[in-house]
Amino acid sequence: MTDWLDEILDRDTPESVPEGFLERVIAQAQVEEVPAQHQAGGRLISFPQLMSMTAAAVMLLAVGFWLGQGGDTLHAPAVLGNGPENAMLDLDELYQNREVLEAYEVLADDDLNSAFYDAETGTWALDYSIEDQPR
Amino acid sequence: MAGPIGAGRLTEPGAGRGPRASTLEDEGVQWMLAFQAGDDDAFTSLVERYQGAAFAMLRRILGPHMAVEDLAQEAFLRVWRSRERYQAQGKFTTFLYRITYNLALNRIRDHKRKPLYSMPRSADGVEMEAEDSVSAAPEEEADHSNWGVIVQRALGELPENQRVAMVLQHYDGLELYEIGEILGISPQATKSLLHRARTNLRTLLSPYREAEND
C-alpha cells in the first residue's frame, strides 16, 4: 500500500531539459578531444604545468640567492701542477685570494705604488750592495 | 536500445571475477562499455536517456531558483572523460548520480552563506521576502497546480543529506546500498536518514494534505 507521502511526492513533475542540451554536451566533449596546441588561442602549457615550472624557477632563484648571500661554500677539488703530490685547494680559497688581489687593484693608489717602488728600490739597492762586495 | 558490450574493463575490484550479470544487463552499463570501446554514438544515447534524471536530481537538490544546466553538462562531460578508467561496478545510474551529487555538493558549499532555496529577485535585483513555507495558507495552495511548488519547498526545508537520500530513493529508485555509496554512508545509516526525512516531510506536508481533503 502506497504511503500518502509517496503519492504527494509524485505530484512534483520532472524537470524539463532545456532544448539543445544534448548538442551542447556533445559539442563541448568534442572540443575537449582536440589537442590543446591545435586550438586557436590554446595554451601550449597547461596551468598545472606552468605552476610547476614557476615553482621550480622560484626554488632555483632562492637557492642561488642563498648561495650568493654566503651560504655553504662550494667545495671542489682542484689539482694544481704535475708534481707527485696533488695540491687540493678549496675553490673558496682561490676566490678569496682573487678577491684580495682585486682589492689591491682597487686600493692601488700613489701611496701604495710608492711603497711598492720603495720596496723594489730597497731590494735593488741590497742586490747592488751585494754585487759590490769584494769577492 | 541495447548497445553491444565492448572489450572494456568488466572486473569488480577485489573480486577476481567479472561483474554480476545484472550489472551487464543494465542498459546504461552496456552503452558505457560500448563508448569505452570507441562507439561515440553510445555516449549520445547515454545523454539522451539520462539527461532528464540528471536535471531532475539537481533541481530537487538545489532548489527551483539555482541554475543547474552547467552542472548537468559537467556531469556528462565527466562521464565522457572517464571513458578510459570506467569499470562496470554497478548500475550506470549509480555512477552518474555519484558524479551529479558531488557537483551539487560543491555548488551547495559555494553558496554556504546564502540560503539554498533563495527567493527570486525582482526586476531591480532586490530579493523578495520569504514567506512562511509551512503555514502560509495551505488551503489556498493545496490544489494540483501548486503541488510541485509545495513539494519542492518541503524538500528544501530538509537538511541536505536527508533531501538527497529522499530524492535518490523516491524519484530515482535507488536501493539503500546505492544511496549509501553515493553519500558515503552505510546502508543502515541511509535507512535511518530516510526515516527522518520521511518523518519531517510528513510534518511539513500534512497541513496541505488536510486542506486538500477538507
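Data block above holds the structure.
The rules behind these values
- Residues numbered from 1 in each chain as written.
- Chains lettered and ligands numbered in written order.
- Predicted model: local features only at pLDDT ≥ 70, side-chain atom pairs only at ≥ 80, totals over all residues.
- Heavy atoms only, no water.
- Core = buried A, V, L, I, M, F, W, Y, C linked by side-chain atoms within 4.5 Å.
- Buried < 20%, exposed > 50% of the residue type's maximum accessible area, 1.4 Å probe, protein only.
- Helix = DSSP H or I, 4+ residues; strand = E, 2+ residues; numbered from the N terminus.
- Domains from an automatic or database assignment.
- Contact = heavy atoms within 4.5 Å.
- 1 Å grid on protein atoms, 1.4 Å probe; cavity = no way out; pocket = protein on both sides within 12 Å on 5 of 7 lines; lining within 4 Å.
- Points joined across faces, edges and corners; volume = space filled by probe spheres on them.
- Nonpolar A, V, L, I, M, F, W, Y, C, P; charged D, E, K, R; others polar.
- Buried area = accessible area lost by both parts, 1.4 Å probe.
- Salt bridge = Lys/Arg side-chain N within 4 Å of Asp/Glu carboxyl O.
- Polar contact = N/O pair within 3.5 Å; in protein donor to acceptor, adjacent residues only side chain to side chain.

Describing the nonpolar core
Then step 1. Grouped together as the largest cluster of nonpolar side chains are 69 residues, with contacts concentrated most on B:Phe43, B:Leu62, B:Phe76, B:Phe92 and B:Leu201.
Then step 2. When residues of this core are assigned to their parent elements, the largest contribution, 11 residues, is made by helix α3 (residues 40-62) of chain B.
Then step 3. Two domains each provide a minimum of three residues to this core, namely domain 1 (23-117) and domain 2 (140-214) of chain B.
Then step 4. Ignoring anything within four residues of it in the chain, the contact list for B:Phe43 reads A:Val25, A:Ile26, B:Phe35, B:Phe76, B:Val79 and B:Trp80.

Considerations on the layout of surface pockets
It is the rolling of a water-molecule-sized probe over the atoms that shows where space remains empty.
Residues and elements named next belong to chain B.
Then step 1. Empty space within the second largest pocket amounts to approximately 320 Å³.
Then step 2. Around the second largest pocket sit 15 residues that line it, and Gln 89, Gly 90, Lys 91, Thr 94 and Glu 181 are the ones nearest its centre.
Then step 3. Secondary structure elements with two or more residues in the lining of the second largest pocket: α1 (21-25), α5 (92-110) and α9 (176-183).
Then step 4. Among the residues making up the lining of the second largest pocket, the classes are represented as three nonpolar, six polar and six charged.
Then step 5. Each of domain 1 (23-117) and domain 2 (140-214) gives at least three residues to the lining of the second largest pocket.

Points about the interface of chain B and chain A
Then step 1. Taken residue by residue, the interface counts 33 residues in chain B and 23 residues in chain A.
Then step 2. Considering only the side of chain B, the residues that lose the most area to chain A are B:Phe55, B:Trp80 and B:His170, jointly responsible for 18% of the buried surface there.
Then step 3. Where chain B touches chain A, the interface holds six salt bridges.
Then step 4. Where chain B meets chain A, there are 10 residue pairs in polar contact (both at pLDDT 80 or more).
Then step 5. Listing elements by their share of the side of chain B that touches chain A, those giving two or more residues are α3, α4 (69-81), α7 (147-157), α8 (160-170) and α10 (187-213) of chain B.
Then step 6. A per-element tally of the side of chain B that touches chain A places α3(B) first, with 10 residues.

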